[in-house]
Amino acid sequence: MKLKNLFFTLLALICVTSVPAMAQENAEVAPKSTDEPIVLTLEQALEIALSENPTVKVADKTIETKKYAKKGTYAALWPEISASATYQRYIEKPSFHIMGQTMKMGTTNTMMGGFSAAMPLVNAQLWKSLKLSAMDVELAVEQARSSRIDMTEQVSKAFFQVLLAKDSYDVYKRVYDNAVENHKIVEKRYSVGQVSEYDFIQSQVRVANAEPDVFNAENSIVLALWQLKALLGMDLNIDIDCAGRLSDYETQLTSMIEMGDLSDNSTMKQLDIQEDMLLQALKIKRAANLPSLAASINYQWNAMDETMAIAHYRWMGSSTAMFNLSIPIFSGGKRRAEINQAKIDIENLQLQRENTERQLRTALMSYYSNMQTNVKQYHASAQNISQAKRGYEIAAKRYEVGSGTLVEMDNSQLAYTQAELSRSTAIYNYLINQVSMEKIAGNFSTDEQEN
């Protein structure tokens, strides 16, 4: 019995001591808090924007609207069938006089009902308008692609803006940390009388001057992330971050730059479709001078009686078939004026297309030239960074051992900072110009709606 009690006592002690250890182990294995930001790559950001942004959704809805309008136009080729019913009751029957007597005509109650069907047989305007409706859908699809290209450009630029803000923050934070460390050195030397009070005050001022730059850089990151979240259609309270650094894109600056063309430019494609639509509209205007032929059939029942006993009415049926040939002869010059107006619209669009193409080619050349300049700026700043960093380290060491001055260290710090910011700015400008050039060339990969 004593052995049994001792066994349970030891077992209880083991359980008591093992539970905290297991809890600690589980706490270490448990996943971290979900308060960490959602880190997005550029590809993920684009995927979210192209599926959630309201502008893209509106463009997709426009395609659906145009498709329904196209179906409505094709419906005109089918017979239009309708039914009708009429009830008529004479309050006062019509009367006439004959041979000195007055006689009334008709019955008190008259009921009619029937079906009718009509359809066009020959209608050149209608046939050509069908093709115009198909072009309208094609234009809506291209406009939706344009919206997606614009969204891709905006999201890419916003993403790179976040990376630039993060790089700037890192630079200014390092400047601030260096100022703090240098102030500690000055403070130690000032306490033993190795430096003047002027140097001590100057080091304090440098720390104070470096701090606002850090705050501004932090705020720039927040604003850039808000802009990105707005483009993605996300709640602004959701905490996100952008993966990578601008340095991850350095390899692009070493590759050959190719200037795109306008073969896939969305604006030019829209103008081409609009020109085709105007040409088709001109054909429709000319087709208004051609005859049209339509057919219709009608079946009708009617009954007349003096009473309301509908069940005893005698219903009489009749049917008709009709062909209607319409030949336009004269409309006061309206059709000719519409044709001339359509011709002028085509000429105006051709002039607009020529001017747009010239402006787009100029923009392509400008972005291409800017990218070449950005590459040169990147290589110049990249070569200068290592030398500027080494110069700052030497200046800081010289001041630490008492053979240098604060002015030398500040100048080397400024040169180092400018070199790093120049490199980041060169990469950022290159990427921004590249995105703008790809937008004009229409090289972005987007999930287009099928026609």
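Bear in mind that the values here come from a model prediction, so they are computed numbers and not experimental data. (Residues numbered from 1 in each chain as written. Predicted model: local features only at pLDDT ≥ 70, side-chain atom pairs only at ≥ 80, totals over all residues. Heavy atoms only, no water.)

A. Looking closely at the sheet that holds strand E7 (residues 292-305). With respect to topology, four strands assemble into an open sheet ordered E2-E5-E7-E8, the strand pairing being antiparallel. Either end of the sheet is taken by a strand with one partner, and the two such strands are strand E2 (80-89) and strand E8 (316-326). Each neighbouring strand pair of the sheet contributes to a mean axis angle of 20 degrees, computed without reference to strand direction. Across 13 bridges, strand E5 (residues 109-122) lies against E7 in antiparallel orientation. Counted as the bridge partner of Pro120 is Ala294 from E7. (Pairing = 2+ DSSP bridges. Helix = DSSP H or I, 4+ residues; strand = E, 2+ residues; numbered from the N terminus. Axes fitted to C-alpha atoms, helices over the stretch in contact; angles between N-to-C directions.)

B. Layout of the confidence of the model for the chain. Across the chain, the average pLDDT comes to 83, with 91% of residues at 70 or higher. Here helix H1 (residues 2-29) stands out as the element of the chain with the lowest mean pLDDT, 38, in contrast to helix H6 (residues 266-287), whose mean of 93 is the highest. Note on residues 1-34: pLDDT under 50 across the span, and zero contacts to partners over four residues away in sequence or across chains. (pLDDT = per-residue confidence, 0-100. Contact = heavy atoms within 4.5 Å.)

C. View of the side chain of Arg174. You can see Arg174 is positioned in helix H4 (residues 124-191). Side chain to side chain, Arg174 and Glu420 meet in a polar contact 2.5 Å long. Not counting chain neighbours up to four residues away, the residues in contact with Arg174 comprise Gln413, Tyr416, Thr417 and Glu420. (Polar contact = N/O pair within 3.5 Å; in protein donor to acceptor, adjacent residues only side chain to side chain.)

D. Geometry of the packing of aromatic side chains. Under the defined criterion, the tally for this structure stands at five aromatic pairs. Summarising the aromatic geometry, the rings of Phe160 and Tyr249 are spaced 5.3 Å apart at their centres and angled 85 degrees between planes, so their arrangement reads as edge-to-face. Taken together, the residues span a long stretch of sequence, with Phe160 in helix H4 and Tyr249 in the loop between strand E6 (240-242) and H6 at a distance of 89 residues. Per residue, the accessibility class of Phe160 equals that of Tyr249, and both read buried. Seen from their ring centres, Tyr299 and Trp301 are 4.7 Å apart, and the 65 degrees between their planes marks the pair as edge-to-face. (Phe/Tyr/Trp six-rings, centres within 6.5 Å; stacked < 30°, edge-to-face > 60°. Buried < 20%, exposed > 50% of the residue type's maximum accessible area, 1.4 Å probe, protein only.)

E. View of the nonpolar core. Ranked by size, the top nonpolar core spans 52 residues in total, and within it Val155, Phe159, Phe160, Leu228, Leu232 and Tyr249 carry the most contacts. Looking at this core, the elements that each hand over two or more residues are helix H2 (42-52), H4, helix H5 (197-232), E6, H6, helix H7 (334-400) and helix H8 (406-441). With 11 residues, H4 is the single largest residue contributor to this core. If sequence neighbours within four positions are ignored, Phe159 has contacts with Leu40, Thr41, Leu42, Ala45, Leu228, Cys242, Ala243 and Tyr249. In this structure, Phe200, Ala388, Ala396 and Tyr416 belong to the second largest nonpolar core, which totals 13 residues. (Core = buried A, V, L, I, M, F, W, Y, C linked by side-chain atoms within 4.5 Å.)

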